[in-house]
Protein chains: 2
Amino acid sequence: MPREVRERQMLDAAVAVFARRGYRAASMDEIAELAGASKPLVYLYLHSKEDLFSACIRREAEALIAAVQAAVDPGAPADRRLWNGLRGFFAHTAAHPDGWAVLHCQARTHGEPFALEVAALRQRLVDVVTRLITETAEAGGCTEPLPEVEVAGLAHALVGAAESLAGWSNERDGTGSCERRTAETLMNFAWTGLENLRNGRRWAPARS
Amino acid sequence: MPREVRERQMLDAAVAVFARRGYRAASMDEIAELAGASKPLVYLYLHSKEDLFSACIRREAEALIAAVQAAVDPGAPADRRLWNGLRGFFAHTAAHPDGWAVLHCQARTHGEPFALEVAALRQRLVDVVTRLITETAEAGGCTEPLPEVEVAGLAHALVGAAESLAGWSNERDGTGSCERRTAETLMNFAWTGLENLRNGRRWAPARS
């Protein structure tokens, strides 16, 4: 079996075990067994538990960011781009609940080298959203541009809301069938706003 | 010195050390030294590192929830209640950055008993927000009530956005001077919505 395929199997197994047990409690024995490989081969290919965890973080983060970027059509109107980006995000986190658990829950504890890695990758998501909000404001009737610090704040708010909903959605439904509804909820929250919601206005994907 | 005072000093020291080092790397020696107490006395009063960490989580979470509840005037209009709740939240997380770091970063790793404790306390915040959104929708012109699952989703989105902004705000500015601006950003995000923001509409605390 080519090394590439073997390594992918090892990473798949590692993501599943890290998601379930956490970094500290996860054992290389369990990872090797789940991957159907010998422990020495896992060490030969991926060096150490620490390197393996880092490789999991990088792979899962790249896949998540790629899924969001692939979902957005740059030529679409602003609300449609946001809608598609959110659908891409929730479809991916629903389809890869273990990967999401590693990124969002397991890798965040401070004092570990991984927290910095996750923070850097999260910042890339924030950057994508920051650009989207800036372009949205420019395309709209904003008489003066939103201050940069406020755009950054809005982007952090949106990413935090999406993270929170991904966890909530995965806990309720592991099958991923409600990703569309979760994206709609966040669209209504972030785009329409609570003030409009309470007045009976809603955002709907068909509108634009 | 009364035991109560001593215990408070020990908890203050523990929160500071756990926030900086994380649960695993934190040492009881450092906590005792920072508290100006002997290590045996720390163990006598607070039993174990695990119990001490649990006590920190409980104290910091209770204080945060109390701060939010105290900030909200139940008789005020909906947007004013949300505004005051958010200001209470960000004022507290800005004034207690170590407590917030323990709750939000250190205690979340799965596989530890603390994660469940933090999840239960986070749920109480979600419940407060869920009630607020339900009452808001009832007070507004909502012709039919929002579905329960959507209200729960909106509440999770708002709590996630607030968590994300608290971390961002504390990283930028440890002095707490920008808590009002952070609350305004989230008000504009959650209440007014991005669609209105891009059309130049804003929420302002003076309006209602």
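Scoring rules and cut-offs
- Residues numbered from 1 in each chain as written.
- Chains lettered and ligands numbered in written order.
- Predicted model: local features only at pLDDT ≥ 70, side-chain atom pairs only at ≥ 80, totals over all residues.
- Heavy atoms only, no water.
- Domains from an automatic or database assignment.
- Contact = heavy atoms within 4.5 Å.
- Buried area = accessible area lost by both parts, 1.4 Å probe.
- Core = buried A, V, L, I, M, F, W, Y, C linked by side-chain atoms within 4.5 Å.
- Buried < 20%, exposed > 50% of the residue type's maximum accessible area, 1.4 Å probe, protein only.
- UniProt positions renumbered as here; feature names shortened; annotations may be inferred.
- Helix = DSSP H or I, 4+ residues; strand = E, 2+ residues; numbered from the N terminus.
- Axes fitted to C-alpha atoms, helices over the stretch in contact; angles between N-to-C directions.
- Parallel < 35°, antiparallel > 145°, perpendicular 65-115°, else oblique.
- Left-handed = near helix turned anticlockwise from the far one by under 90°.

Asker: Could you give me a rundown of the domain arrangement of chain A, with the residues and numbers involved?
Answerer: All names here are of chain A. Domain assignment breaks chain A into domain 1 (1–47) and domain 2 (57–198). Using only C-alpha atoms to locate each centre, domain 1 and domain 2 end up separated by 29 Å. The partner domain 2 presents nine residues to the 10 residues of domain 1 that form the contact. Of the roughly 760 Å² buried between domain 1 and domain 2, counting both surfaces, carbon and sulfur atoms make up 58%. Contact with domain 2 buries surface across domain 1, with Val-15, Ala-19 and Tyr-23 losing the most and accounting together for 57% of the total.

Asker: Could you give me a rundown of the nonpolar core, with the residues and numbers involved?
Answerer: Core analysis: the biggest nonpolar cluster contains 134 residues, and Phe-18 and Leu-186 of chain A together with Phe-18, Leu-186 and Phe-189 of chain B have the highest contact counts within it. Apart from residues lying up to four places away in sequence, Phe-18 of chain B is in contact with Tyr-23, Ala-26, Ile-31, Lys-49, Leu-52, Phe-53, Cys-56, Val-102 and Gln-106 of chain B.

Asker: Go over the UniProt feature "DNA-binding region" (unreviewed entry) in chain A with me, naming the residues and quoting the values.
Answerer: The feature "DNA-binding region" (unreviewed entry), as given by UniProt, occupies residues 27–46 of chain A in the numbering adopted here. As a span, residues 27–46 of chain A carries 80% helix and 0% strand, and end to end its C-alpha atoms are 14 Å apart.

Asker: Summarise the packing of helix H8 (residues 148–172) of chain A against helix H9 (residues 179–192) of chain A; cite the residues concerned and give the values.
Answerer: Residues and elements named next belong to chain A. Running from N to C, H8 and H9 point in directions that differ by 150 degrees, and their axes come no closer than 10 Å. In this view, H8 runs roughly antiparallel relative to H9, as classed from their interaxial angle. In the packing of H8 onto H9, the handedness of the crossing is right-handed. Where H8 abuts H9, its residues Leu-158, Ala-161, Ala-162, Leu-165, Ser-169 and Arg-172 lie against Thr-182, Leu-186 and Ala-190.

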